[in-house]
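Fold and geometry: a report
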Amino acid sequence: MMRKNVITLAVAAAFILPGAAFASTNNVFVPANNKNDSGPILYGYAQITGGQQWGTSTNGSPTGPNGWIIGANRIRLGVKGQAVPDVTYNIEAGWDNAALSGISGNPSTSKGNLLNNGLGNNGNASIINAWMNYAPVPFAQLKVGKFKLPVGNEYVSKAGNTLPFVFRSMAQSLLPGRSLGAMIHANDVMGTGASYAVGFADDTSLDPYNAYYSGNNAAYYTGGGQGGFLNGSGNYIAFARLGYDFMGPLLKAEVSGSRMSLGAAPSAGLSKTAVYTWNAGIHGGLMGVHYAASYTNMTSGRSFGVGGYSNKGMLATDWNVGLGVNLHQMTLTPSWLDIEPAVRFDSFSINDHNGYDAKIDNTTVGLNYFVNPNHPHAAEVQLNYIIPTARQGNFGAGTMGGVFGANDAPINGAAYNTLMLQFQAGF
């Protein structure tokens, strides 16, 4: 009898253990919020990207880059888990935009400006996330640390490895991004479909190259009289977000906003002012069809004109709409041909009241291929073609503190016709 039980156990193990091992190595980004799963869970992914730009920009700027650029759009490695019941954590390192900058300088005399115009930090490694979440009750959770501030539609709802396009929309230029702070938040409050977040963050730990970061100059805004860790600026970002699932996955809507106070610039004799951003957006989908649309508005009491600062202020807006159709999920293609055509229109403009106005539109046509439909983002290939249109003005030193550079476009924007091919693998 004992021998029979041993044989039965061995047969069961032969089926169960390989299945468990397969599940543990193929489930990408398992959430660390199950009380029975304490972690730690190691995860990561890499996006290897190639790009080619050519032609003249829509405002007649010199011929764009004519060399093929290969680099890594994102390289991420993280660990997450449950420290004790009701306390989860996530620590993630990133090495983004590695070798995507090409050769800087005048496009007429070199290979051109940044492929990822405005955002290229040339692969600087940094801590992307480092937060802890305390959830004694599901409708009022406390998150502290460095995390995405919950402002923006696509930026909050889509992780970098699940984007339908290689680049995010240009609205990222107008968002505060990630910073160190604290917030109270919850999803699906009391089963109503509503979600919310409210909190504040430090202004000295922001992601670079956006409207918020351009006003964060330590020489102007950092306190004095003591050293190192205690030398704060006294300026903070307040933010809030409200979302609602109207029809489950079919329609999700959100509205969000943030405000950051800015210190005065002593050399310019200016008074203290602020940056405001608000965003409204919808996204959703069903049976292989998914969509997203949003409008973002940023205002600042200070503009950054040539020759110094002014009090005239600045207004910047972005609106975008995108659509994707997964043919396999619609049962139009077999599982080995899991492809998804996608298209997005993105319009970005700045009105700097010193007269430095600028505008650019990008239309992106894409095709995504998922190697395994059961784990689509574990192995993925993306092909994008970006067409710039309606280019007006110059996104150079006259706008947003020179963040964009002459003849460039905002974060994630393209000033020239751009072909991109990206390979992604994750675990």
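Everything in this summary refers to the structure shown in the same document. (Residues numbered from 1 in each chain as written. Predicted model: local features only at pLDDT ≥ 70, side-chain atom pairs only at ≥ 80, totals over all residues. Heavy atoms only, no water.)

1. Observations concerning the overall build of the chain
On a plain count of helices and strands, the chain comes out with three helices and 18 strands. Here the chain holds 427 residues, and the buried ones make up 48% of them. When the accessible surface of the chain is split by element, carbon and sulfur atoms take 65% of a total near 19300 Å². (Helix = DSSP H or I, 4+ residues; strand = E, 2+ residues; numbered from the N terminus. Buried < 20%, exposed > 50% of the residue type's maximum accessible area, 1.4 Å probe, protein only. Areas by Shrake-Rupley, 256 points an atom, 1.4 Å probe, with all protein chains shown as cover.)

2. Digging into a nonpolar patch on the surface
There is a patch of nonpolar side chains on the surface, built from Val289, Leu323, Met330, Leu332, Val343 and Val365 and spanning about 460 Å² of accessible area. If you trace the backbone, Leu323 turns up in strand S14 (residues 314-325). (Patch = residues over 30% accessible without salt bridge, like charges linked within 9 Å, V, L, I, M, F, W, Y side chains within 5 Å. Salt bridge = Lys/Arg side-chain N within 4 Å of Asp/Glu carboxyl O.)

3. Here we look at the layout of surface pockets
In this structure, the second largest pocket encloses a volume near 340 Å³. Tallied by class, the residues present in the lining of the second largest pocket amount to four nonpolar, seven polar and three charged. (1 Å grid on protein atoms, 1.4 Å probe; cavity = no way out; pocket = protein on both sides within 12 Å on 5 of 7 lines; lining within 4 Å. Points joined across faces, edges and corners; volume = space filled by probe spheres on them. Nonpolar A, V, L, I, M, F, W, Y, C, P; charged D, E, K, R; others polar.)

4. A closer look at the pairing of strand S4 (residues 125-134)
When a strand is regular, its side chains alternate between the sheet's two faces. Two strands pair when backbone bridges link them, and strand S3 (residues 87-95) and S4 are joined in this way by nine bridges, in the antiparallel orientation. Bridge pairing in S4 links Ile91 to Ala130. As judged from the five bridges shared by S4 and strand S5 (residues 141-148), these two strands associate in the antiparallel manner. By the bridge assignment, Met132 is partnered in S5 with Val144. (Pairing = 2+ DSSP bridges.)

5. Brief notes about the nonpolar core
Ranked by size, the top nonpolar core spans 24 residues in total, and within it Phe147, Leu149, Tyr212, Ile237, Phe239, Met298 and Phe348 carry the most contacts. When contributions to this core are tallied by element, the ones reaching two or more residues are strand S7 (194-202), strand S8 (236-245), S14 and strand S15 (338-352). In contact with Ile237, not counting residues within four places along its chain, are Leu149, Pro176, Gly199, Phe200, Ala201, Asp202, Asp203, Leu206, Tyr212, Ser258, Arg259 and Met260. Counting five residues, the second largest nonpolar core, distinct from the first, contains Val166, Phe167, Ala414 and Met420. (Core = buried A, V, L, I, M, F, W, Y, C linked by side-chain atoms within 4.5 Å. Contact = heavy atoms within 4.5 Å.)

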